[in-house]
Amino acid sequence: MRAVQITAFGEPSVLSVAELPDPVPGPGQITIDVSHAAVGLIDVFMRQGLFGDRPGLPRPPFVPGLEVAGTVRELGEGVTGFAIGEPVVSMSATGAGGYASISVADTALVASTQRYGIDPAVAVAVVPNAAMAHVALTRVAHLAEGESVLVQGALGGFSAAFPGIARRLGAARVVGTVRRGKLAAAAVTKLPYDTIVDSADLSGALGEEKFDVIVDPVGGDVRTHSLALLKAGGRLIVAGNAGGDWSHQVDTNQLWLTGTTVAGFNAGAYLPAHPQVVRPALEAALAAVAAGLGETEIDVLPFAEAVTAHERMERREPVGRIVLVPGD
């Protein structure tokens, strides 16, 4: 198979295209002929070696990539409910393996797109993140109908999945924030936000408005501002660290005084401990995307341009998602 490998922790240049042995599915697994593989910020962090000391996570050489779309190639022992050639979208249980023309997936993390007719580029760009947004909003934030939601970094890969799911769950108001340089893109996005504002001028743009739930994958000063924008009893979901501030801390006394909650959400940590939430979340995500609630921007690049994809991710350049394809 053709694949993009990380040969060592480091700069984007450590990514290279290689020919590797075709994988074989184990019990409860399938292999997928990959048509599209999504590029995520977590792939960048893993390539940089930020999580290199975490047990169970891959070390070089390995194939990065958590999300793929394609068709079922082969069924492992005991697998039912899938057919050869069926279009599917999948998440990785290992944090790796996606940037390849053939990928192995546990069936618990695979969903058929056949009856939804979703384009595979859209499926891989939106469905896995929308499923995780569903888990975060229902299981972690416990979003109730009629509540308000603020999404920081509104056009980013993970953030972009939240407004559609929030709408499906009955949110009364969904607001996004972006850096000033992305306001023009925000003005024309099809994502179902009520409004998207400049993250550097929240007080001017939002006045005294506060929110029941805030999703923050950015971190640093943005996270500090997020805490100040919570209603009493509000919930902040810490969903990433795109800003790269690994030293940020929260004053827990302020949580006590304001009656607010801060909860971390990391799919790699949460899902193995709660496998029963995956299937309903995937179905909710498919329904939301089929309803047109996940229309984010998608840039498609060949495997040969994986270095370019990672360089763009490091500059926080994309508006939406970058998706890799095996061919030219």
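Treat the numbers as computed from the prediction; the structure is a model and nothing was measured.

A. Geometry of the packing of helix α1 (residues 41–48) against helix α10 (residues 306–314). Between α1 and α10, whose axes approach to 10 Å, the crossing angle comes to 100°. Classified by the interaxial angle, the pair formed by α1 and α10 is roughly perpendicular. Along the contact surface, α1 presents L41, D43, V44, R47 and Q48, while α10 presents H310, M313 and E314. Classifying every residue of the contact of α1 with α10 by side-chain character gives three nonpolar, two polar and three charged.

B. Quick peek at the side chain of R47. Examined against the element boundaries, R47 turns out to sit in helix α1. Engagement of the side chain of R47 in a polar contact is seen with the backbone oxygen of G10, the distance being 2.9 Å.

C. Molecular detail of the nonpolar core. Of all hydrophobic cores here, the largest spans 56 residues; its most connected members are V127, M132, L137, F162, I237 and F265. Listed by contribution, the elements that provide at least two residues to this core are β5 (87–91), α2 (120–140), β8 (148–151), α3 (162–168), β9 (173–178), β11 (211–216), α8 (267–273) and α9 (278–290). Per element, the largest residue contribution to this core is 13 residues, and it comes from α2. If sequence neighbours within four positions are ignored, L137 has contacts with H142, L143, F162, I165, A166, L169, V213 and I237. The next biggest cluster of nonpolar side chains, apart from the first, holds 36 residues, and it includes M46, V68, Y99 and V110.

D. Looking closely at the pattern of salt bridges. Inspection of every chain in the model, using the stated rule, returns 15 salt bridges. Here D194 ties to R167 by a salt bridge, and the two come within 2.8 Å at their closest N and O atoms. Residue D194 is located in the loop between α4 (183–188) and β10 (195–198), and its partner R167 is located in helix α3; the two are separated by 27 residues in the primary sequence. Here R223 makes a salt bridge to D216, at a shortest N to O gap of 2.8 Å. The exposure class assigned to D216 is buried, which follows from its relative accessible area of 0%.

E. Here's a closer look at the sheet that holds β10. If you trace the six strands from one edge of the open sheet to the other, you get β10-β9-β8-β11-β12-β13, paired in parallel fashion. Edge strands, defined here as strands with exactly one partner in the open sheet, are β10 and β13 (261–264). Within the sheet, the average angular offset between the axes of one strand and its neighbour, ignoring direction, is 20°. Relative to β13, strand β12 (residues 230–238) runs parallel, the two being bridged by four bridges. Bridging across to β13, V238 finds its partner in G264.

F. Examining α2 more closely. Its 21 residues place the ends of α2 29 Å apart at the C-alpha level, agreeing with the 30 Å of an ideal helix rising 1.5 Å per residue. Within α2, the axis deviates most sharply at V126, by approximately 30°, and proline P128 lies no more than four positions further along. Buried residues dominate α2, accounting for 17 of its 21 residues. The opening residue of α2, the one whose side-chain oxygen lies 2.8 Å from the backbone nitrogen of A121, is D119. Backbone geometry just after α2 places H142 at a positive phi near 50°.

G. Expanded view of the packing of aromatic side chains. Across all of its chains, the model carries three aromatic pairs by this definition. The interplanar angle of 65° and the centroid separation of 5.0 Å between the aromatic rings of F158 and F162 together place this pair among those described as edge-to-face. Like F162, F158 is buried. Geometrically, the ring pair formed by F265 and Y270 is tilted, given 5.6 Å between the ring centres and 55° between the ring planes.

H. View of the packing of α2 against α9. Orientation of α2 relative to α9, taken along the N-to-C sense of each, is 125°, at an axis distance of 8 Å. Considering their axes alone, α2 and α9 lie oblique with respect to each other. Once α2 is placed against α9, the crossing between them reads as right-handed. Along its contact with α2, which presents V122, V126, V127, A130, A131, H134 and V135, the element α9 presents A281, L282, A284, A285, L286 and V289.

Analysis parameters
Residues numbered from 1 in each chain as written. Predicted model: local features only at pLDDT ≥ 70, side-chain atom pairs only at ≥ 80, totals over all residues. Heavy atoms only, no water. Axes fitted to C-alpha atoms, helices over the stretch in contact; angles between N-to-C directions. Helix = DSSP H or I, 4+ residues; strand = E, 2+ residues; numbered from the N terminus. Parallel < 35°, antiparallel > 145°, perpendicular 65-115°, else oblique. Contact = heavy atoms within 4.5 Å. Nonpolar A, V, L, I, M, F, W, Y, C, P; charged D, E, K, R; others polar. Polar contact = N/O pair within 3.5 Å; in protein donor to acceptor, adjacent residues only side chain to side chain. Core = buried A, V, L, I, M, F, W, Y, C linked by side-chain atoms within 4.5 Å. Buried < 20%, exposed > 50% of the residue type's maximum accessible area, 1.4 Å probe, protein only. Salt bridge = Lys/Arg side-chain N within 4 Å of Asp/Glu carboxyl O. Pairing = 2+ DSSP bridges. Expected span 1.5 Å × (residues − 1). Bend = angle between axes of the 7 residues up to and from the residue. Phe/Tyr/Trp six-rings, centres within 6.5 Å; stacked < 30°, edge-to-face > 60°. Left-handed = near helix turned anticlockwise from the far one by under 90°.

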